[in-house]
Amino acid sequence: MPDSEILDPTEEFARYRRTVLAAVVVPGPAAVRRTVRLRRRRRWAALVAAVLAMFTGPTLGYVALHRPEPRPGPVLPTPDRTDGPTPSGPAIPPGTPSPTAAGPTPTPPDGRISRNDLLATPVTLPAWPAGTQCPTGGVRLTADGKEGRNALLALDHGDVDGDGAQETVAVVQCVFGTHGWQQVVAFDRDPTGRVVTVGRVVLSARERPQWLIGVQVRGDGVVRVQVGDIYPGGGWAGEWSQRQWRGYRWDGGSFRQVSGPTTFPVNPHEVNLVVTATDLVLGVAPDDSRAGSTTVRVRNVGSAPARSVALRFDLPAALRPDGDGWKACRTAPGTAGGPVRCELGGLAPGAELRLSLGLRVAADDPLGAGTAELTAQALDAEKQVVAEVVEYDNVTPLRYR
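Presented here is a report on the structure given in the accompanying data block. Here the structure is a predicted model, which is why all the values come from computation and not from measurement. (Residues numbered from 1 in each chain as written. Predicted model: local features only at pLDDT ≥ 70, side-chain atom pairs only at ≥ 80, totals over all residues. Heavy atoms only, no water.)

Details of the overall build of the chain
Then, in step 1: Regarding its fold elements, the chain presents four helices and 17 strands.
Then, in step 2: Scored against the burial criterion, the 401 residues of the chain give a buried share of 34%.
Then, in step 3: As presented, the chain carries roughly 24,300 Å² of accessible surface, and 55% of it is formed by carbon and sulfur atoms. (Helix = DSSP H or I, 4+ residues; strand = E, 2+ residues; numbered from the N terminus. Buried < 20%, exposed > 50% of the residue type's maximum accessible area, 1.4 Å probe, protein only. Areas by Shrake-Rupley, 256 points an atom, 1.4 Å probe, with all protein chains shown as cover.)

What follows is the structure in structure tokens.
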């Protein structure tokens, strides 16, 4: 179309309507020809619309506003809605438990450590008392009991901190001479498997208890420790020690005692009697017999009282008790031959007994000078002799002439 040609919008719209109406015919060869012509005219119509948009926009807007609304088309069915939002993630298979916000609870580490593993693993021990030479950091426990090293004496396993997993509780000693400090220590593992120290259960004491003998972990988490009042050695026999079971529980920060005694009664074996006697000088009596007396002194230098004191005189058969001094004995001394026994009352620590005991020899007995033996012994409630750590001072010579 030449650039100088001016289109008449009214004539073009009329031609467009005639063309569209004429195109609605039964399909056939003629329809094909009309379709071709229709496509050509549509291209002309597009060109016309572009021109109208440039020069007659207001006019077309007015026509569009007054054009009747098109008939509604068919309503297509839509899927049923659900109240919940459409999931954006992958579908979860049926039966799969839904995850919780907190996530799974981590499994506590297994703190059950064998004896061999504990001996082979460096550990950290709670501090020993001041002046102790044994180390505490990066310690290798030993089983040989060498001087200045930390020896592993006993161990047991159980859940002591309530986390559902077991821990290891061990009796450890800092070896020093025939003694040395002891402590019971709880060990665990961290999530990486490294051995860590939970805390000290109990430490031996200079006074009581000196001896930590064994350990048990109950099902409720209480750590039971068998303690002895006095550590054996230096003349002290282990069977002399008084033993107790004491229970300790972890409170989240430390172990505290929850069961068992907290003190020991006086140990009877801590008594220490010392006996002395003056020489017996026999003089001639009016009936030609010979008589004299000795002063016996018994002291208790120990820390435990003697319930009763027994004196034993190993005298020659001719030398027999004489005089009122023997009335202090609870039992009458023997008058026949053989040893003479005198049982006295109790003796407190630091206290002493003094007795003046007479002895006589018959006139016709040719007893010469000699030495007898006097022994002092502490007795318990069953009248059994109480053994002492220091016994040499329980015996003294009784010289007579």
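Points about the side chain of Gln210
Then, in step 1: For Gln210, the position within the fold is in the loop between β4 (195-203) and β5 (211-217).
Then, in step 2: Using a relative accessible area of 15% as the deciding quantity, one classes Gln210 as buried.
Then, in step 3: Looking at Gln210, its side chain comes within polar contact range of the main-chain oxygen of Glu207, at 3.3 Å.
Then, in step 4: Ignoring anything within four residues of it in the chain, the contact list for Gln210 reads His179, Gln182, Ser204, Ala205, Gly228, Asp229, Ile230 and Tyr231. (Polar contact = N/O pair within 3.5 Å; in protein donor to acceptor, adjacent residues only side chain to side chain. Contact = heavy atoms within 4.5 Å.)

A word on the state of the cysteines
Then, in step 1: For the structure shown, the criterion picks out two disulfides.
Then, in step 2: There is a disulfide in this structure between Cys134 and Cys174, and the S-S distance comes to 2.0 Å. Residues Cys134 and Cys174 are joined through a disulfide that is right-handed, its torsion about the S-S bond being 90 degrees. Here Cys134 is found in the loop between α4 (115-120) and β1 (150-158), whereas its partner Cys174 is found in strand β2 (residues 167-174), with 40 residues between them in sequence. Judged on exposure class, the residue Cys134 and its partner Cys174 are both buried.
Then, in step 3: In the chain, numbering the disulfide-bonded cysteines from first to last in sequence yields the connectivity 1-2, 3-4. (Disulfide = S-S within 2.5 Å.)

A word on the sheet that holds β2
Then, in step 1: Spatially, four strands are ordered β1-β2-β3-β4 in an open sheet, and the strand pairing comes out antiparallel. Each edge of the open sheet is held by one strand with a lone partner, namely β1 and β4. Across the sheet, the axes of successive neighbouring strands diverge by a mean angle of 25 degrees, strand direction being ignored.
Then, in step 2: Strand direction decides the pairing type here: β1 and β2, joined by eight bridges, are antiparallel. Note on β2: the bridge partner recorded for Asp156 is Val169. (Pairing = 2+ DSSP bridges. Axes fitted to C-alpha atoms, helices over the stretch in contact; angles between N-to-C directions.)

Digging into the pairing of strand β3 (residues 182-189)
Then, in step 1: When you tally the buried positions in β3, you get seven out of eight residues, the bulk of the element.
Then, in step 2: With six bridges connecting them, β2 and β3 associate as antiparallel partners. Bridging across to β3, Val169 finds its partner in Ala186.
Then, in step 3: One ladder, built from seven bridges, connects β3 with β4; its direction is antiparallel. Residue pairing across strands places Phe187 opposite Thr197, the latter belonging to β4.
Then, in step 4: The antiparallel pairing of β3 with β4 creates a hairpin that spans five residues between the two strands, and Gly193 there sits at a positive phi of about 95 degrees.

A closer look at the pattern of salt bridges
Then, in step 1: This model, assessed by the stated rule, comprises 13 salt bridges.
Then, in step 2: Measuring nitrogen to oxygen at the nearest pair gives 3.1 Å for the salt bridge that ties Arg312 to Asp314.
Then, in step 3: A relative accessible area of 26% means that Asp314 is categorised as partly exposed.
Then, in step 4: Between Asp322 and Arg360 there is a salt bridge; the shortest N-O distance is 3.4 Å. With Asp322 in strand β13 (residues 319-322) and Arg360 in strand β15 (residues 352-361), this residue pair connects regions lying 38 residues apart in the sequence.
Then, in step 5: Residue classification places Arg360 among the partly exposed positions, given a relative accessible area of 28%.
Then, in step 6: Residues participating in the shared-partner salt-bridge network are Arg218, Asp220 and Arg249. (Salt bridge = Lys/Arg side-chain N within 4 Å of Asp/Glu carboxyl O.)

Describing the side chain of Gln244
Then, in step 1: Positionally, Gln244 belongs in strand β7 (residues 243-250).
Then, in step 2: At a separation of 2.9 Å, a polar atom in the side chain of Gln244 contacts the side chain of Arg246.
Then, in step 3: When residues no more than four places from it in sequence are discounted, the contact partners of Gln244 are Val225, Gln226, Val227, Pro261, Thr263, Phe264 and Pro265.

Quick look at the pairing of strand β12 (residues 308-314)
Consecutive residues of a regular strand have side chains that alternate between opposite faces of the sheet.
Then, in step 1: In terms of residue burial, β12 counts as a mostly covered element, since five of its seven residues are buried.
Then, in step 2: Where β12 and strand β16 (residues 370-379) come together, seven bridges link them in antiparallel fashion. Each bridged residue has a counterpart across the sheet, and for Asp314 the counterpart in β16 is Glu373.
Then, in step 3: Summarising the sheet, β12 and strand β14 (residues 340-344) pair through five bridges and their orientation is antiparallel. Its bridge partner being in β14, Phe313 is matched across the sheet by Val340.

A few points about the layout of surface pockets
Then, in step 1: If you add up the space inside the second largest pocket, you get close to 280 Å³.
Then, in step 2: Around the second largest pocket sit 17 residues that line it, and Thr132, Phe176, Gly180, Trp181 and Arg206 are the ones nearest its centre.
Then, in step 3: Its residues placed into classes, the lining of the second largest pocket shows seven nonpolar, eight polar and two charged. (1 Å grid on protein atoms, 1.4 Å probe; cavity = no way out; pocket = protein on both sides within 12 Å on 5 of 7 lines; lining within 4 Å. Points joined across faces, edges and corners; volume = space filled by probe spheres on them. Nonpolar A, V, L, I, M, F, W, Y, C, P; charged D, E, K, R; others polar.)

Comments concerning the sheet that holds β14
In a beta sheet, neighbouring strands are held together by backbone hydrogen bonds and run either parallel or antiparallel to one another.
Then, in step 1: Strands sit in the order β14-β12-β16-β17 across an open sheet of four strands; the sheet is antiparallel. Lying at the two open borders of the sheet, with one neighbouring strand each, are β14 and β17 (395-400). Here the average twist between neighbouring strands, direction ignored, is 20 degrees.

On their own, these measurements won't tell you what the molecule is for.
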